[in-house]
Amino acid sequence: MMPIYIGSPNHDSSLTEFFQTCETCQRDRELPNIHKRVLDATTMDKESEINNVAEKLQKLKVNNPTEHESRLQDTDGRFFEIFGSLLKQKSEIAITELDTYLQSSADAHQYGNLAAGLLYECEEEESKPITCFALEKEVDTHELNDCKENFVEVAVGMNIEDLYEEILFIICNNLKCKTDDVDFIDLLEFVQDVFNVSTTIHDELLKSAVRKESPKLRLNVEIVKAENLMPKDANGFSDPFVTLYLESNGSHRYNSSVKYTTLNPVWEEHFSLPITDDLKEEALIVEIWDFDAAETVKEKVNKLFGVKGVKGLSKLMKEIAQTASTGKHDNELIGRASISLKSVPTGGITVWYNLEKGSKTKSRGSVLVTMTISAEKNKRVAIQEHRRLLNLLLMHELDSSKVAEYWWNGKFNRNAELIRAQHAAQSGLTNFECAVSQWSVYSKIHENHQLSFTLFNNILDIIITVLKNLPNESEDIKTFWEGAKRILPSCFSIIRKIRARNVSDKHIVSMVCEVLDISSKIKSMGHPAYNLFPKSMYGFMSSVDQIPNDIDKVLVESINAGAKEWLEYIFQWSKPNCKSNPTDEENLQFLIKLIQMVRSDLQRAMEYFDKLFYHKVGVHFSSVLYKLYDKYLYDICKSIIEDVCSHIKRLDILEDITEYTDIDTESLTMGTTLFELYLVLKRFSTLGRSLCTNDELSMNNFYCWFMPGVTHWLDISFVKALNRIEKAIELDQLQPVDDSVKYTSSAVDTLAIFYQINIFWQQLDWPDLEGSYTFIAKIVHKRRPPSFFHNLKQTLGVMTSCFKIGRIATSNIEVLKEIEKTLDLHAYETADLIHQYYIELLGVQKRISKSEYGQLTIKGNFSGSNLELHILNGRNLISMDPNGSCDSFVKVQLFPTSRFPNVKTYKTAVQHKTRFPLYDELFLITLSEEQPFKQNSLILFSIKDKNLFGITSQHIAECCITFADLMATENEQIHMELLQPQYLESETIHALECRQGDKQAREFLKKLKSKLKPSI
């Protein structure tokens, strides 16, 4: 096929191909617009050539423009490329860059460069700021010294020399037997430094400590359980109990309870044995015996049926013989263990010991024993001393090591740990009592010098289980809540300042994890009886006067407070450079930058913190953030965007415009930026719908603000398209582009415009279907009045006449008729189009001799201006129910509806369980004098099946009749064949489908599709 060249001498031979192409375009449902179909008819050839053009356009997207393309694009400043492929590429690059910044990087500055302020320190409202994540902050030595002096003078509550002498006494009576690795002099010098005691006083107190009587020590033993004991009874089991005593005092023995018929007994029983001899030479003896109850020979014989094996029978016989001869009932030793006390460390020990008996090597089982050594001391006094000692040791540790805030995790130096452990052991303090003391002391110091959250987490692991079993009035419970009250402010401070470090910093995620663990464990204790959140420490709360005593609510408030502080910071940083009256362009760029940073923060929250917050405390971190950002951005964006759109200079585009060059360049630049902002907001809104699925968000309808701006862009697109097409024709050399594309350059250039507009539309992705019709009409076609299509029809006639030479007639006049019919259809109003569909349906109905869906019989006549319509019966209707019948009724409507606005819809009663219903109902329809004589007025009869509950109905079939046909057969029975709407391949339906923005057309098509069924 030869290409059609405008003005070519071969235009007569190309006319046939022109109309053949038009016929192809009529079947193209993807191009409903008349303009585009006529354009395609004059430019498109074969599908393969169209694909070649598409490939060319794809190359235009990737490659730099040719000289011809540059000349063409320069006429409008590359308008379509800017809004199409270039803007799409820019948007994709922005998304890629955003995702790149979210990746973990060794360079801590990379993420900060994105928001230029994500790494910041917000000023605190409190008088003394708490610097979050100050990992490199130097320790304030003066502050620690002041705190230490304050403790000694106020908190101790006893003479410092008394406490110092007590510690010296503990050192001199070290319970740890293996002292070869302890430098006694070094230890004394360390204590002197901790207490800041002069040498003179130190010597005096040391002499006094040495002269004191050694402490009375006790061995605290817990017999936990035993396993795999040797069976001693005839039934294959034993009845074990434990006897324990110190080797130096074998006459003073302690017995456990008896566990009957078991080889794996569990006792969990505690004993306290006084130590009177040298600790280094002492040993604990643990023996496990099989209990033998006092039984008569008869009772022994009765056990015969419970004997297990030959050995069991042998044991029973020996017991019977011994009882019969001597009458004794001796317990039998299973095994014993000897434990040297010098192997027991200061902090105690829990170890499995194998049982032995003489020189026999056969396994006799093992026993689990826990042992600690302590001094006899008043428990309250001991706890008080321990807390004071902990305070002094920690103050010295922080002062000497210069450890940064949030780093100290509970590990003292060697000497300090030895003194702490010795005091706990000699005071008889349990692990729980030591942990509660640490919780109390460390939380107080934490207020002035933040300690590691790992430390507090470990302490909670020890105390939380025990605390849950204590009454609320317990002193330990009170101590716990006081410590929690001091620790929680720093926890919430971490949450507030979660943006103070890049996520590539390995410490931030672990620190947040520790903070959430602490919050979760404290929350598991329930609500305290007194205020946990004093106003003075929570000034950031939005409702300071009513702070809830609820950790979850305060946590959410902390998240919001931190986000607000960060928003205020980036708002000040991002806004136009200190101008009192920034331009619209500057305001739009400011919003783009602001939203990108907010979205970056949300992506960071989802990637690094969402799972932590949800699994630890059940809070959807990113959802909380998004709701705050949604309200904040709504207040800022709405006013700025509406203000910018109000400044747009609207274009007055005439119907017959051919050229429009007076376009404001500033408006074009602003329009591009406005569209960039639209895309940024669209991505932000899409993210919100996934994070807050059940919430009403302020930004959901953000697109409404852009309506004037988008309308303006499309007006410019219309004008620019006309100007570029004109320029393309001017530059066209009337030669094919190449061998693969048999079109001239103007055809390819025109298609390129639609290609870029298509990219624009895909990016716009307007959420409101009905509202988007306005834009579709601007992109694809403008809705014209009927006169426009009449003029277009006349133009087609002129074009046809021009292509005729001499007596050569058009080769395919049928194509022209179809095009004229299409133009006529698009000139109809929607109601008239629907009416036209039923006229076509009536034509199909009249051609049916016998319908598979049955018949409907009616009578009717016109009496004056009234219509008397008698619906008689239905015959052979298709079955709709499982029982082979249907429950049918008839619905009556007059068309076109615009011609009968005051006529209601009529329905017959339901005829149940029959395919041959007898309706026999008469309807009197009041009409005006003119309505009965309107041309092509018709009545539509819809047969429907009522469902079981009478709530919905299902379409069976339909038929129709014109007023003229009814008048011709007045008072006679009329049998109409029923049919279902399967006639959809018509221009009428295509015209309705082009009006998806028209509610009436859309609802009609929806109902029509619901009626469609396969043939029976």
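Residues numbered from 1 in each chain as written. Predicted model: local features only at pLDDT ≥ 70, side-chain atom pairs only at ≥ 80, totals over all residues. Heavy atoms only, no water.

### Considering the overall build of the protein chain
- A tally of regular secondary structure across the protein chain gives 31 helices and 16 strands.
- Within the protein chain, buried positions represent 49% of all 1016 residues.
- Considering only contacts within the protein chain whose residues lie at least 6 apart along the sequence, 75% involve residues at least 24 apart.
- Carbon together with sulfur atoms contributes 50% to the accessible area of the protein chain, which is approximately 50,200 Å² in total. (Helix = DSSP H or I, 4+ residues; strand = E, 2+ residues; numbered from the N terminus. Buried < 20%, exposed > 50% of the residue type's maximum accessible area, 1.4 Å probe, protein only. Contact = heavy atoms within 4.5 Å. Areas by Shrake-Rupley, 256 points an atom, 1.4 Å probe, with all protein chains shown as cover.)

### A few points about the packing of aromatic side chains
- This structure, assessed with the given rule, holds 28 aromatic pairs.
- Measuring from ring centre to ring centre gives 4.3 Å for Phe613 and Phe621, while their planes differ by 15°; the resulting arrangement is stacked.
- Exposure remark for Phe613: the relative accessible area of 0% places this residue in the buried category.
- We classify Phe621 as buried; its relative accessible area is 2%.
- Both rings, one in Tyr634 and one in Trp705, keep their centres 5.6 Å apart while their planes meet at 55°; by these two values the pair is tilted. Linking Tyr634 in helix H21 (residues 621-646) with Trp705 in the loop between helix H22 (665-691) and helix H23 (707-731), this pair joins segments that are 71 residues apart in sequence.
- A relative accessible area of 27% means that Tyr634 is categorised as partly exposed.
- The rings of Phe675, Tyr678, Phe702, Tyr703 and Phe706 are connected pair by pair, giving a single aromatic cluster.
- Between the NZ or CZ atom of Arg253 and the centre of the ring of Tyr245, over which it lies, the distance is 4.0 Å. (Phe/Tyr/Trp six-rings, centres within 6.5 Å; stacked < 30°, edge-to-face > 60°. Lys NZ or Arg CZ within 6 Å of the ring centre and 35° of its normal.)

### A closer look at H21
- The end-to-end C-alpha distance of H21 is 37 Å, a good match for the 38 Å that 26 residues give at a rise of 1.5 Å each.
- Along H21, the largest kink reaches about 30° and is centred on Tyr634. (Expected span 1.5 Å × (residues − 1). Bend = angle between axes of the 7 residues up to and from the residue.)

### A word on the sheet that holds strand E1 (residues 217-227)
- Taken together, 4 strands build an open sheet; the order of strands is E4-E1-E8-E7 and the sheet is antiparallel. The strands lining the two open edges of the sheet, one partner per strand, are strand E4 (266-275) and strand E7 (349-354). Averaged over all pairs of adjacent strands, the angle between their axes in this sheet comes to 25°, without regard to strand direction. (Pairing = 2+ DSSP bridges. Axes fitted to C-alpha atoms, helices over the stretch in contact; angles between N-to-C directions.)

### Quick word on the nonpolar core
- In terms of nonpolar packing, the biggest core is built from 133 residues, with Tyr442 and Phe613 touching the most fellow members.
- Examining the composition of this core, we find that 15 residues originate from one element, helix H20 (residues 584-617), more than from any other.
- Within the second largest apolar cluster, 33 residues are counted, among which are Phe862, Leu867, Ala957 and Cys959. (Core = buried A, V, L, I, M, F, W, Y, C linked by side-chain atoms within 4.5 Å.)

### Section: a negative patch on the surface
- Side chains of Glu161, Asp162, Asp203 and Glu204 sit close together on the surface and give a patch of like negative charge.
- Counting residues per element, the ones that place at least two in the negative patch are helix H8 (160-172) and helix H10 (199-211).
- Position of Glu204 relative to the elements: it lies in helix H10. (Patch = residues over 30% accessible without salt bridge, like charges linked within 9 Å, V, L, I, M, F, W, Y side chains within 5 Å. Salt bridge = Lys/Arg side-chain N within 4 Å of Asp/Glu carboxyl O. Lys, Arg positive; Asp, Glu negative; His and termini not counted. Charge placed at Lys NZ, Arg CZ, Asp CG, Glu CD.)

### Description of the packing of helix H15 (residues 431-446) against helix H17 (residues 475-496)
- In the contact formed by H15 and H17, the axes pass within 9 Å of each other and the chain directions differ by 35°. Here H15 and H17 pass one another in a crossing that is left-handed. Facing Phe432, Val436, Trp439, Ser440, Ser443, Lys444 and His446 of H15, the residues of H17 in contact are Asp476, Thr479, Phe480, Gly483, Ala484, Arg486, Ile487 and Ser490.
- Counted by class, the contact of H15 with H17 contains 6 nonpolar, 6 polar and 3 charged residues. (Left-handed = near helix turned anticlockwise from the far one by under 90°. Nonpolar A, V, L, I, M, F, W, Y, C, P; charged D, E, K, R; others polar.)

### Regarding the pattern of salt bridges
- Counted under the stated rule, the structure contains 13 salt bridges.
- A salt bridge links Glu287 to Arg253, with the nearest nitrogen and oxygen atoms 3.4 Å apart. Taken together, the residues Glu287 in strand E5 (residues 283-290) and Arg253 in the loop between strand E2 (240-246) and strand E3 (254-255) connect sequence positions 34 residues apart.
- Given the relative accessible area of 5%, Glu287 is considered buried.
- Among the ionic contacts, a cluster of salt bridges with common partners joins Arg253, Glu287 and Arg336.

### Some words on unusual backbone geometry
- Note that the residue after Phe895, namely Pro896, is joined by a cis bond; omega there is 0°.
- Here Pro896 shows up in the loop between strand E11 (888-895) and strand E12 (906-907).
- With phi around 50°, Asn876 is a residue other than glycine that occupies positive phi space.
- Along the polypeptide, Asn876 turns up in the loop between strand E10 (866-875) and E11.
- Note on Asn876: relative accessible area 34%, which makes it partly exposed.
- Of note in the backbone geometry, Asn971 takes a positive phi value of approximately 60° without being a glycine.
- Among the structural elements, Asn971 can be located in the loop between helix H29 (963-968) and strand E16 (974-977).

### Comments concerning the sheet that holds strand E6 (residues 332-340)
- As summarised here, the arrangement of the 4 strands in space is E3-E2-E5-E6, forming an open sheet in which the pairing is antiparallel. The open sheet terminates on both sides in strands that have one partner only, identified here as E3 and E6.
- Pairing analysis gives 2 bridges linking E2 to E3, with the strands arranged antiparallel. Residue pairing in the sheet places Leu244 in a bridge with Tyr254 of E3.

### A look at the pairing of strand E8 (residues 366-375)
- In terms of burial, E8 is a largely internal element, 9 of the 10 residues being buried.
- Looking at chain direction, E1 and E8 are connected through 10 bridges and run antiparallel. Paired with Asn220 across the strands is Thr372, a residue of E8.
- The pairing of E7 with E8 spans 6 bridges and is classified as antiparallel. Paired with Val351 across the strands is Val369, a residue of E8.

### Remarks on the confidence of the model for the protein chain
- Confidence in the prediction for the protein chain averages 75 pLDDT; 69% of positions are at 70 or higher.
- Across residues 148-158, where pLDDT falls below 50, the model places 17 contacts with residues more than four positions away in sequence or in other chains.
- Contacts from residues 654-661, a stretch scored under 50 in pLDDT, to residues over four places away or in other chains number 13 contacts. (pLDDT = per-residue confidence, 0-100.)

### Details of the packing of helix H13 (residues 379-401) against H15
- Relative orientation of the contacting elements H13 and H15 amounts to 45°, with a least axis distance of 9 Å. In this view, H13 runs oblique relative to H15, as classed from their interaxial angle. The chirality of how H13 crosses H15 is right-handed. Facing Lys379, Ile383, His386, Arg387, Leu390, Asn391, Leu394, Met395 and Leu398 of H13, the residues of H15 in contact are Glu433, Cys434, Val436, Ser437, Gln438, Ser440, Val441, Tyr442 and Ile445.
- When grouped by side-chain class, the residues that make up the contact of H13 with H15 number 10 nonpolar, 5 polar and 3 charged. (Parallel < 35°, antiparallel > 145°, perpendicular 65-115°, else oblique.)

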